[in-house]
Amino acid sequence: MSFDPHSIRDQFPILGRRVNGAPLVYLDNAASAQKPNAVIDSMAQRMRTSYANVHRGLHTLANETTEAYEAARGIVAEYLGADRDEIVFTRGGTEAINLVAGSLGVGMAEGDEVVLTEMEHHSNIVPWHLLRERKGVVLRFARVAEDGSLDVEHLMGLLGPRTRVVALTHMSNVLGTINPVQAVTEAAHAVGAKVLVDGCQGAVHATPDVKAIGCDFYVFTGHKLYGPTGIGVLYGKAEALAAMPPWQGGGEMIESVSIGRVTYAEPPMRFEAGTPPIVEAIGLGAAIDWLAQFDRQAVHAHEKALYERALERINGANWFRQIGTAPGKGAILAFTVEGAHAHDIAQVLDKYGVAVRAGQHCAEPLMRRFDVTSSVRASFALYNTLEEADAFADALVKARQFFV
Amino acid sequence: MTTIAEELDALAEDFDLLDDWESQLEYVIDLGRALPRLEESERSDANRVRGCSSQVWVVSERADDGRLAFRAESDAQIPQGLIAVLLKLYSGRRPEEIRALDPQTAVDRLKLGSMLTSQRANGLAAMVERIRREAAA
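Residues numbered from 1 in each chain as written. Chains lettered and ligands numbered in written order. Predicted model: local features only at pLDDT ≥ 70, side-chain atom pairs only at ≥ 80, totals over all residues. Heavy atoms only, no water.

Trainee: Mind showing me how you'd approach the packing of aromatic side chains here?
Mentor: The geometry of an aromatic ring pair is captured by the separation of the ring centres together with the interplanar angle, meaning the angle of the planes. All chains considered together, the criterion is met by 16 aromatic pairs over all chains. Looking at arginine 369 of chain A, its charged tip hangs above the ring of phenylalanine 370 of chain A, at a distance of 4.6 Å from the centre. (Phe/Tyr/Trp six-rings, centres within 6.5 Å; stacked < 30°, edge-to-face > 60°. Lys NZ or Arg CZ within 6 Å of the ring centre and 35° of its normal.)

Next comes the structure, spelled out in structure tokens:
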């Protein structure tokens, strides 16, 4: 079964626009994906017809909105193969990781260890650095091999009796590497450590089956999954969440409050202090519902075909250096161009209507690992076409000419 | 020496001759290539203004008459060209002259807006900030 992007492109109004006189070729999907009408309309419709705060009203709009918000939780739970009470809505992937680090950190002591990898996004590094600064927690980084794959043996060697958490990405936002999260989880559990998987890319381009992975936590963000910004998800195993203290305090997360004492609600509410991003959660639900009509494997095969087409058109050029060639990797193409800065290339590509990312991709340790100060990244999504992969490759060849 | 206003006029005249973005880009890149490079030791952390994807180093010297001289360099070519433009305008001026020229005015006049869309990313905004701070001191 193959996937035809042309049949769905008109559901993404933004894809019809022109940029600098050229048709938009949007290849910055790993940073944020565009939204289909199904998402835009669900959010607009919600605000136009039935909106109120959730969980506390005794009127019709409050009940309708609460139902829709909780239905979105159910949709997310099903998407991850989890129970609905294991789904905490956050403002994004970053907040979800901060929540876990902040809450688990309460029980950590000096000398406890957190194992990360060199390919983590800053959002899965800095929250742990905060624990290092506040608690004296020791951070250990598993190495990344030359082809961009995780040095699993090295990671295993870092595990020990003081390892409290292993936090790693499901899929690298730069290399496209898909990590063996299941094997890592097993090994981490064997030493009694909890496992957090950063699924910001993996929830879109890999298989976010939390039961199969076995991880304690899986986080992702809505806006890379064709949903809105301002909404993220923390999946936490029921027993893991139940044992965790609240991270932020406020309304909605309490059972009772008195002058001298507070008791907290059960998860997931315990971790949703204050008014949540209601419309955004509903928009995320709409995005996942919309995606459900497609065969997941066919979509991934299509994205891979785009990546391979672009690579085929450029590879072999002696000025092109790809970063990240791990077997089975996802459709992210990071590279440098000899004689031209990534920044320059991206700026000229934009003139041809091609949107890519250039820089360190919020992954400074990884850039250092590959000894580059910045790289260009083209990342593909289901609505991209083979013609766009060609247009990107052609524009890249032209862009380079300015600088040599 | 020409005044800032005269220099801006001269630059605007040059830029007006360029009728498409390709030739404008080539011209900017050429200006950057003609710019003298900094010494290795001057590309130090202390002289670096941080951008996200590319970097800029700025060195300033104050002459006895109070004029401020700037030299700068980027590791990317488009910012390097834009630096060349900025230095033509700002380097060797008295602080009050520097303070009097709003960088946005120059950008608009030279129609460099499209090249400066990612100012924060390329460190140029930080460089202008640095120049104006020196002039305020």
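Trainee: How should the packing of helix H1 (residues 4–16) of chain B against helix H3 (residues 77–90) of chain B be read in this particular structure?
Mentor: The packing of two helices is summarised by the inter-axis angle and the distance between the axes. All names here are of chain B. Following both chains from N to C, one finds H1 and H3 inclined at 145 degrees, their axes separated by 8 Å at the closest point. Here H1 contributes Ile4, Glu7, Leu8, Leu11 and Phe15 to the contact with H3, which in turn contributes Val85, Lys88 and Leu89. A breakdown of the residues in the contact of H1 with H3 according to their chemical character gives six nonpolar, no polar and two charged. (Axes fitted to C-alpha atoms, helices over the stretch in contact; angles between N-to-C directions. Helix = DSSP H or I, 4+ residues; strand = E, 2+ residues; numbered from the N terminus. Contact = heavy atoms within 4.5 Å. Nonpolar A, V, L, I, M, F, W, Y, C, P; charged D, E, K, R; others polar.)

Trainee: How do you make sense of a nonpolar patch on the surface when you look at a structure like this?
Mentor: Residue and element names in this part refer to chain A. Taken together, the side chains of Val257, Val262 and Tyr264 define a hydrophobic patch exposed on the protein surface, amounting to about 260 Å² of accessible area. As for its position among the elements, valine 257 is in strand S11 (residues 254–257). Relative accessible area serves as the criterion here: at 57%, valine 257 is assigned to the exposed category. (Patch = residues over 30% accessible without salt bridge, like charges linked within 9 Å, V, L, I, M, F, W, Y side chains within 5 Å. Areas by Shrake-Rupley, 256 points an atom, 1.4 Å probe, with all protein chains shown as cover. Salt bridge = Lys/Arg side-chain N within 4 Å of Asp/Glu carboxyl O. Buried < 20%, exposed > 50% of the residue type's maximum accessible area, 1.4 Å probe, protein only.)

Trainee: So what exactly am I meant to see when it comes to the domain arrangement of chain A here?
Mentor: Put simply, an interface is often sized by how much accessible area is lost when its parts join up. All names here are of chain A. Domains assigned within chain A are domain 1 (40–291) and domain 2 (295–401). Its C-alpha centre places domain 1 at a distance of 28 Å from the equivalent point of domain 2. Facing 32 residues of domain 1, the contacting portion of domain 2 comprises 29 residues. Around 2,300 Å² of area is buried between domain 1 and domain 2 when both sides are counted, 56% of it from carbon and sulfur atoms. Ranking the residues of domain 1 by area buried against domain 2 places His122, Val174 and Leu175 at the top, with a combined share of 26%. At the junction of domain 1 with domain 2, the criterion picks out two salt bridges. Across the pair arginine 369 and glutamate 146 runs a salt bridge whose closest N-O atoms are separated by 3.2 Å. Across the domain 1-domain 2 interface, the total number found is 19 residue pairs in polar contact (both at pLDDT 80 or more). Where the side of domain 1 that touches domain 2 is concerned, the elements lending two or more residues are helix H7 (202–205) and helix H10 (278–291). (Domains from an automatic or database assignment. Buried area = accessible area lost by both parts, 1.4 Å probe. Polar contact = N/O pair within 3.5 Å; in protein donor to acceptor, adjacent residues only side chain to side chain.)

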